[in-house]
Amino acid sequence: MTLTVDGSGATTAPQLFSLQAIDISCWFGTHLVLDRVSLFMPAGQVMALIGPSGCGKSTFLRSLNRMHELVISARIAGEVLLDGEDIYAPSVRITDARRQIGMVFQKPNPFPAMSIYDNVIAGLKLNGVHVNHEERDDLVEHCLVKAGLWKEVKDRLRAPGGGLSGGQQQRLCIARSLAIKPKVLLMDEPCSALDPTSTRRIEETINELREEVTIVIVTHNMQQAQRVSQSCAFFLAEHGQPGYIIEHGPTDLMFSQPQDPRTFDYVNGRFG
């Protein structure tokens, strides 16, 4: 765990933040895709969102940092509390919410012509955060170390980010998200387009990052959910109805002793 030094010279652990969704409903036009979903995501843990395709997991994830609003026809109701403060409150700017709650997408999306170095600090410029040259150098190294990429790229930081492998590009995107120091990091199937070796590296990164940032990950890989998460929520949308949570709880219990037979069937590969 990275420690910081307070004014007295003592070391302190980084502050970790919880996230709580309360009665979240989401629409695309008149189509209700999520119906009154509530979920507490503990600080310093990885929460895995599992369930079949089309049950609203990614929509729920995007509601957690107000990205659902990017769709013109989209509408949302409910609250999302970051350490008790509603990010949908009228006084909260969308840019501030997204700076505090970062996102890593399913497909790696670095700026291909931009250097590895400039990719890491791109979020700072987009969010109007100004740091001096020495601080930028330290930040780039810190974020690439945390993303598990530093040793592989430290001698070619000025090379284009688009020249990296798919797994390296995804870790570069994680480093870019970390540069703005989010309190929560959302991941939408970050390994679905990667080979097994790259997937293992991303999972190692996730396990290390949870000591500094709360993580919520959507995954269709049940083994991955078991490997990286401490808590789990099972989403389902039945018979054309909007998605909702069947059950949630500690990952080990969700897989070994689920309360609902539908959860048991899903985690054991009987549908989905």
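Undergrad: Any chance you could explain the sheet that holds strand β7 (residues 85-86) here in plain terms?
TA: Strand order in the open sheet formed by four strands is β4-β3-β6-β7, and the pairing between neighbours is antiparallel. Where the open sheet ends on each side, the last strands, each with one partner, are β4 (31-41) and β7. Direction of pairing for strand β6 (residues 74-82) relative to β7: antiparallel, over a ladder of two bridges. For Leu82, the partnering residue across the bridge sits in β7 and is Glu85.

Undergrad: Can you walk me through the packing of aromatic side chains in this structure?
TA: Two aromatic rings, taken as a pair, are described by how far apart their centres are and by the angle between their planes. In this structure the tally under the stated criterion is three aromatic pairs. Each ring, one from Phe234 and one from Tyr266, has its centre 5.1 Å from the other, and the planes form 25 degrees; the classification is stacked. Remark: Tyr266 occurs in helix α10 (residues 261-267) and Phe234 occurs in strand β11 (residues 231-236); sequence separation between them is 32 residues. Of note, Arg75 hangs over the ring of Trp27, and the distance from its end group to the ring centre comes to 4.0 Å. Positioned over the ring face of Tyr117 is Arg158, at 4.1 Å from the centre of the ring.

Undergrad: Got a minute to help me understand the pattern of salt bridges in this structure?
TA: Charged atoms that come close allow side chains of opposite charge to pair. The tally for this structure, following the rule as stated, stands at 14 salt bridges. Measuring nitrogen to oxygen at the nearest pair gives 3.1 Å for the salt bridge that ties Glu152 to Arg201. Placement of Glu152 in helix α5 (residues 150-153) and of Arg201 in helix α7 (residues 196-209) is noted, with a sequence separation of 49 residues between them. Classification of Glu152 by relative accessible area gives partly exposed; the value is 27%. In this structure, the salt-bridge partner of Arg227 is Glu203, at a minimum N-O distance of 2.7 Å. Placement of Arg227 in helix α8 (residues 222-228) and of Glu203 in helix α7 is noted, with a sequence separation of 24 residues between them.

Undergrad: Sorry if this is basic, but what is going on with the side chain of Thr251 here?
TA: Among the structural elements, Thr251 can be located in helix α9 (residues 251-256). Thr251 gets classed as buried once you look at its relative accessible area, which sits at 4%. A polar contact is formed between the side chain of Thr251 and the side chain of Ser229, at a distance of 2.8 Å. A polar atom in the side chain of Thr251 sits 3.2 Å from the backbone nitrogen of Ser231.

Undergrad: Whenever I open this one, the layout of surface pockets confuses me. Can you help?
TA: One simple way to see leftover space: roll a probe sized like a water molecule over the atoms. By volume, the largest pocket amounts to about 610 Å³. If you trace the largest pocket, you find 24 residues lining it, with His142, Leu178, Lys181, Pro182 and Glu212 closest to the centre. No other element matches helix α4 (residues 133-146), which puts six residues into the lining of the largest pocket. There is about 480 Å³ of room inside the second largest pocket. The wall of the second largest pocket is formed by 19 residues, among which Arg98, Met103, Leu126, Asn127 and Ile180 lie closest to the centre. Elements with a contribution of two residues or more to the lining of the second largest pocket: α2 (94-100), β8 (101-104), α3 (116-126) and α6 (166-179). Its residues assigned to classes, the lining of the second largest pocket comprises nine nonpolar, seven polar and three charged.

Undergrad: Is there a simple way to think about the environment of Pro258 in this case?
TA: Looking at the secondary structure, you find Pro258 in the loop between α9 and α10. A residue is classified by how much of its surface remains accessible, and Pro258, at 17% relative accessible area, is buried.

Undergrad: What should I look at first to understand the sheet that holds β11 in this one?
TA: The strands making up a sheet associate through hydrogen bonds between their backbones, and the pairing can be parallel or antiparallel. Strand order in the open sheet formed by six strands is β8-β9-β10-β5-β11-β12, and the pairing between neighbours is mixed. Single-partner strands in this sheet number two, and they are β8 and β12 (244-250). Across the sheet, the axes of successive neighbouring strands diverge by a mean angle of 15 degrees, strand direction being ignored. Note: strand β5 (residues 46-50) against β11, four bridges, orientation parallel. Pairing of Ala48 across the sheet is with Cys232, part of β11. Seen against the sheet, α6 touches β8 and β9 (184-188) and runs at an angle of roughly 170 degrees to β8. On top of the sheet, α7 reaches β5, β9 and β10 (214-218); it is set at about 145 degrees to β10, its chief contact.

About the cut-offs
Residues numbered from 1 in each chain as written. Predicted model: local features only at pLDDT ≥ 70, side-chain atom pairs only at ≥ 80, totals over all residues. Heavy atoms only, no water. Pairing = 2+ DSSP bridges. Helix = DSSP H or I, 4+ residues; strand = E, 2+ residues; numbered from the N terminus. Phe/Tyr/Trp six-rings, centres within 6.5 Å; stacked < 30°, edge-to-face > 60°. Lys NZ or Arg CZ within 6 Å of the ring centre and 35° of its normal. Salt bridge = Lys/Arg side-chain N within 4 Å of Asp/Glu carboxyl O. Buried < 20%, exposed > 50% of the residue type's maximum accessible area, 1.4 Å probe, protein only. Polar contact = N/O pair within 3.5 Å; in protein donor to acceptor, adjacent residues only side chain to side chain. 1 Å grid on protein atoms, 1.4 Å probe; cavity = no way out; pocket = protein on both sides within 12 Å on 5 of 7 lines; lining within 4 Å. Points joined across faces, edges and corners; volume = space filled by probe spheres on them. Nonpolar A, V, L, I, M, F, W, Y, C, P; charged D, E, K, R; others polar. Axes fitted to C-alpha atoms, helices over the stretch in contact; angles between N-to-C directions. Contact = heavy atoms within 4.5 Å.

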